[in-house]
Amino acid sequence: MNVKGIATGITLMLIFSTIPIEGSNKIIQNSIDGKIFYVGGSGPNNYTKIQDAINNASDGDKIFVFDDSSPYYENLVINKAINLMGENKNTTIIDGKKNGSVIYIYASNVEISGFSITNSSTEWLEGGIKLYHSIHANIHGNILYNNCVGILLDSSNYNIIADNILMNNIEEGVRLIDSKSNNVERNTAICNGAVGITISRSSNNKVADNIIGRNTVGIWIWYESENNKIISNTIYLNLFGMDLSICGKNKIKENIFKGNVFGITLWWSQRNIIKNNNFFFNGVDAFFCSSFLNIWLRNFWDRPRFAPKPIIGVINFFPYYIFLIWFNFDFIPRLFPYGWWLNA
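A quick note: this is a predicted structure, and the numbers were derived from the prediction, not measured.

On to unusual backbone geometry. In this structure, the amide linkage connecting Ser 70 to the following residue, Pro 71, adopts the cis form with an omega of 5 degrees. As for its position among the elements, Pro 71 is in the loop between strand S4 (62–65) and strand S5 (72–73). Although it is not a glycine, Arg 271 adopts a positive phi angle of roughly 60 degrees. Inspection of the secondary structure puts Arg 271 in the loop between strand S30 (262–267) and strand S31 (273–275).

Spelled out as structure tokens, the structure:
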């Protein structure tokens, strides 16, 4: 066996397994599955436009975008499985010039991270990042602001939306429409014009560990959305912390509702489970209208409670404007906030 030859080969692999970036102290791991393209910066073969690099890339390639040529005034179309990386999410800016979506994805296995994305058009179905019929995308570590919608998933499944900041968007921070089995986790959605996170005609999604504040509605689940899990979110200082409309079989667990005008509201929604949530200092903790067979269980309602907690609502008799006062109950409310032992 040629031991010396094997050792030499291993040494060369280690030397060339990383590639230094021109004009930067950063080092990017070489892509085993594809090439690495560079945009901006001072390298002799670097691209000046992100879209040109995308057009020349293939499935499995990486595109690294320097911030020293930022902002990039482009509307990107991604139709292949690439990894698009910005140098710094605060300083690597893609500006859509109010023209359509800033980044439009209709491919699978796309990853986008490290960008500030701004100025989509104001049309309802456009956003900072729009996924259309996409699966297994990973959108993480970005800032999206001044778009119609920060991140829009349309008929897109099994994607991850994580660790993004979504603020000052005209409509919503995140919108899911006709989409299923997505994870929306650890994002911050604040000061959006309408809603922090919207789930519409979408099922089996998980929305967890997000911070959602100062929107008109924190989380809106509506119109035939079922079997979604809304877990461990902090929802504060919204007009409506969470609103469920014409939907059912969703699990609302272990969230904090704090300082909202209305904590949680249900409208014509059935068979939802509201369990182990903490309600602090809301104007009205909970309200419902013509919503039946919902389970309220083991929530903390502002203070220790030794008796069942009544939840006031109404029943609406169509087509007449007749309302009957009705009550649900949390029969076993908590004496102490859920999770208090974790901080003890």
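Having seen it, we continue.
Ranked by internal contacts, the top residues of the largest apolar core, which has 56 residues, are Ile 63, Ile 103, Ile 112, Ile 129 and Ile 264. Here this core takes three residues from helix H2 (residues 50–56), the largest share from any one element. Residues contacting Ile 112, with those up to four places away along its chain left out, are Ile 78, Leu 84, Ile 103, Ile 105, Ile 129, Asn 138, Ile 139, His 140 and Asn 142.

On to the packing of aromatic side chains, then. Under the counting rule described, the total for this entry stands at 19 aromatic pairs. Consider the rings of Tyr 104 and Tyr 132, whose centres lie 6.5 Å apart with planes at 25 degrees: the pair is stacked. Here Tyr 132 lies in strand S12 (residues 127–132) and Tyr 104 lies in strand S9 (residues 103–105), a separation of 28 residues in the sequence. The exposure class of Tyr 104 is partly exposed, given its relative accessible area of 24%.

With that settled, consider a nonpolar patch on the surface. A surface patch of nonpolar side chains, amounting to about 720 Å² of accessible area, comprises Phe 292, Leu 293, Phe 317, Tyr 320, Ile 322, Leu 324 and Trp 326. Take the nonpolar patch: its biggest share by element is three residues, from strand S37 (residues 322–330). As for its placement among the helices and strands, Trp 326 is situated in strand S37. On the accessibility criterion, Trp 326 (39% relative accessible area) is partly exposed.

Now for the pattern of salt bridges. Taken as a whole, this structure holds five salt bridges when the rule is applied. A salt bridge links Arg 175 to Glu 172; the shortest N-O distance between them is 2.5 Å. Grouping residues by exposure puts Arg 175 and Glu 172 together as buried. Beyond isolated ion pairs, a larger network of salt bridges with shared partners links Asp 163, Glu 185, Arg 186 and Lys 206.

With that settled, the discussion passes to the sheet that holds strand S26 (residues 234–236). Spatially, the 11 strands line up as an open sheet ordered S5-S8-S11-S14-S17-S20-S23-S26-S29-S32-S35, and their pairing is parallel. Looking at strand neighbours, the two that pair on one side only are S5 and strand S35 (300–301), the edges of this open sheet. Taken together, the three bridges between strand S11 (residues 116–118) and strand S14 (residues 143–145) define a ladder with parallel strand orientation. In the strand pairing of S14, Ile 117 is matched with Leu 144.

Note that strand S36 (residues 309–317) and S37 share nine bridges and pair antiparallel. Following the sheet pairing, Ile 315 is matched in S37 by Leu 324. In sequence, S36 turns back onto S37 through a hairpin of four residues.

Attention now goes to the side chain of Lys 309. Mapped onto the fold, Lys 309 is located in strand S36. Buried charge without a salt bridge: Lys 309, with Asp 285 as the nearest opposite-charge side chain at an N-O distance of 4.6 Å. Residues contacting Lys 309, with those up to four places away along its chain left out, are Trp 301, Asn 328, Phe 329, Asp 330 and Pro 333.

To find leftover empty space, one rolls a probe the size of a water molecule over the atoms. Roughly 230 Å³ of volume is contained in the largest pocket. Residue lining of the largest pocket: 14 residues in total, with Glu 254, Ile 256, Asn 278, Tyr 338 and Gly 339 positioned closest to the centre. The residue makeup of the lining of the largest pocket, split by class, is six nonpolar, seven polar and one charged.

Procedures and definitions
Residues numbered from 1 in each chain as written. Predicted model: local features only at pLDDT ≥ 70, side-chain atom pairs only at ≥ 80, totals over all residues. Heavy atoms only, no water. Helix = DSSP H or I, 4+ residues; strand = E, 2+ residues; numbered from the N terminus. Core = buried A, V, L, I, M, F, W, Y, C linked by side-chain atoms within 4.5 Å. Buried < 20%, exposed > 50% of the residue type's maximum accessible area, 1.4 Å probe, protein only. Contact = heavy atoms within 4.5 Å. Phe/Tyr/Trp six-rings, centres within 6.5 Å; stacked < 30°, edge-to-face > 60°. Patch = residues over 30% accessible without salt bridge, like charges linked within 9 Å, V, L, I, M, F, W, Y side chains within 5 Å. Areas by Shrake-Rupley, 256 points an atom, 1.4 Å probe, with all protein chains shown as cover. Salt bridge = Lys/Arg side-chain N within 4 Å of Asp/Glu carboxyl O. Pairing = 2+ DSSP bridges. Lys, Arg positive; Asp, Glu negative; His and termini not counted. 1 Å grid on protein atoms, 1.4 Å probe; cavity = no way out; pocket = protein on both sides within 12 Å on 5 of 7 lines; lining within 4 Å. Points joined across faces, edges and corners; volume = space filled by probe spheres on them. Nonpolar A, V, L, I, M, F, W, Y, C, P; charged D, E, K, R; others polar.

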